[in-house]
Amino acid sequence: MMITVRQLCRLSQKKSLCCTVRLYDPGNVVRHHHWNKGQNQLVLNANGTNFHYFKKAACRQYNKDVGTEGDLVKAIGYRCEWSHNYTAHDAILYALGVGVSTTQSDYLKFLFEKDENFCVLPSYGFIPAQKEVLLLTLEGRLPGLANLDPAKVLHGEQYMEVFRPMPRAATLRNECVVVDVIDKRSGALFLFDVHTYDNKDTLITYNQFSIFIVGAGGFAGKKTSNHEKPTMKPPARPAEYSVSQATSVDQAALYRLSGDYNPLHFNPTVAARVGFSKPILHGLCTLAYGIRHVLQQYANNDVAKFKAVKVRFSKPVYPGQTIKTNMWRDGNRVHFQCEVTETKDVVISGAYVDFHHID
């Protein structure tokens, strides 16, 4: 999981520096091609870490070296495809990684594969879709992003729509396309649409990743996009329900086993180099806590009722902190906001879950 725009800004203001970090990937093999050229190739993800700092003047020169000006729009239409296999074991490991516990009343449906009601959490739909999106940006594979500083790649927002409940085990095919690039002046916002299908070509999920490239703006591009899924402010009234749940100090160590091996979330030395006092929790893990709280409160954990979710990542959570989810119902939509109880910091904002129906 990538650090957020606000996190990098806080670091930059504190140290008057821009930082770069090369992230770690487990080394999965993916197939990808450029839409225009149709050239297929196998790619092995690179492993390793590389951290260093640039003064702001050097960052401006770095932007020129990357060659983003006028080239970023060439990424629009870029397509890639990859597969993802998982079993009930993987779904259970993921559920444990996002806070499902045997202390909860109906834990068997998410943690015991032989339970008659066993099912997969809707938020597992992020996992098959995220892999190649991370690599395309972090490794600078897109047009105009050669030599990209990986620490300038930030996860701003996330949208997912579930068309069919996640199968308990499956081989899924993911099709990704860059649908737009928006000029935010302080950076460029890439919109990745990822459609995930089962082996019968049935659409399972649609994800939109909003990825912000710090310092890549000012290329005279469009300021808005019809493709972008908007966030929504919660109602101006007290929350109807609030649910608090403490994360484990080992939460990130457990969640990373579902496929996000970025050492920022596990290695104290790496976290310190990026400006954090200790490793931070994955943003998609924090989000999964919020989704679970909403699903439990309004749908009694019936995954078939879940339709869609949209959020903005605002601030990080440290493993061991308590996540509090505030909720407001508006018809079949539930607005929610996640905060850290210990600091009162809002970590998930502009968020909502849509249900097919709520009793």
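Quick caveat: nothing in here was measured; it's all calculated off a predicted structure.

**With respect to the nonpolar core**
The biggest cluster of nonpolar side chains holds 54 residues, and the ones touching the most others in it are Leu-287, Val-309, Phe-336, Ile-348 and Phe-355. A total of ten residues in this core trace back to one element, the largest contributor, which is helix α8 (residues 283-299). Ignoring anything within four residues of it in the chain, the contact list for Val-309 reads Phe-126, Gln-158, Tyr-159, Met-160, Leu-287, Ile-291, Phe-336, Tyr-352 and Val-353. One finds Leu-72, Ala-75, Val-181 and Phe-219 within the second-largest nonpolar core, a separate group that totals 26 residues.

**What about the environment of Tyr-159?**
Along the polypeptide, Tyr-159 turns up in strand β6 (residues 153-162). Of the residues examined, Tyr-159 reaches a relative accessible area of 8% and is grouped as buried. Residues Tyr-159 and Asp-193, 34 residues apart in the sequence, show an inter-C-alpha distance of 9.5 Å. Residues within four places of Tyr-159 in sequence aside, it is in contact with Tyr-206, Asn-207, Gln-208, Lys-229, Ala-308, Val-309, Lys-310 and Tyr-352.

**Some remarks on the side chain of Asn-301**
Mapped onto the secondary structure, Asn-301 falls in the loop between α8 and β11 (306-313). Note on Asn-301: relative accessible area 7%, which makes it buried. Discounting chain neighbours no more than four positions away, the residues touching Asn-301 are Asp-106, Lys-109, Phe-110, Arg-292, Leu-295 and Gln-296.

Here is what the cut-offs are and how they apply
- As a convention, each chain's residues are numbered from 1 in the sequence order in which they are written.
- In keeping with the predicted nature of the model, local features appear solely for residues at pLDDT of at least 70, side-chain atom pairs appear and are counted solely at 80 or more, and the whole-chain, interface and lining totals rest on all residues.
- Excluding hydrogens and water, the side-chain values take into account all heavy atoms of the structure.
- Take the buried Ala, Val, Leu, Ile, Met, Phe, Trp, Tyr and Cys residues and link them wherever side-chain atoms come within 4.5 Å; each set so joined is a nonpolar core.
- Only protein chains enter the accessibility calculation, which uses a 1.4 Å probe; a residue whose area is less than 20% of its type maximum is buried, one above 50% is exposed, and one in between is partly exposed.
- The numbering of helices and of strands both runs from the N terminus, where a helix is a DSSP run of H or I of at least 4 residues and a strand a run of E of at least 2.
- Throughout, a residue-residue contact means that at least one pair of heavy atoms, one from each residue, lies within 4.5 Å.

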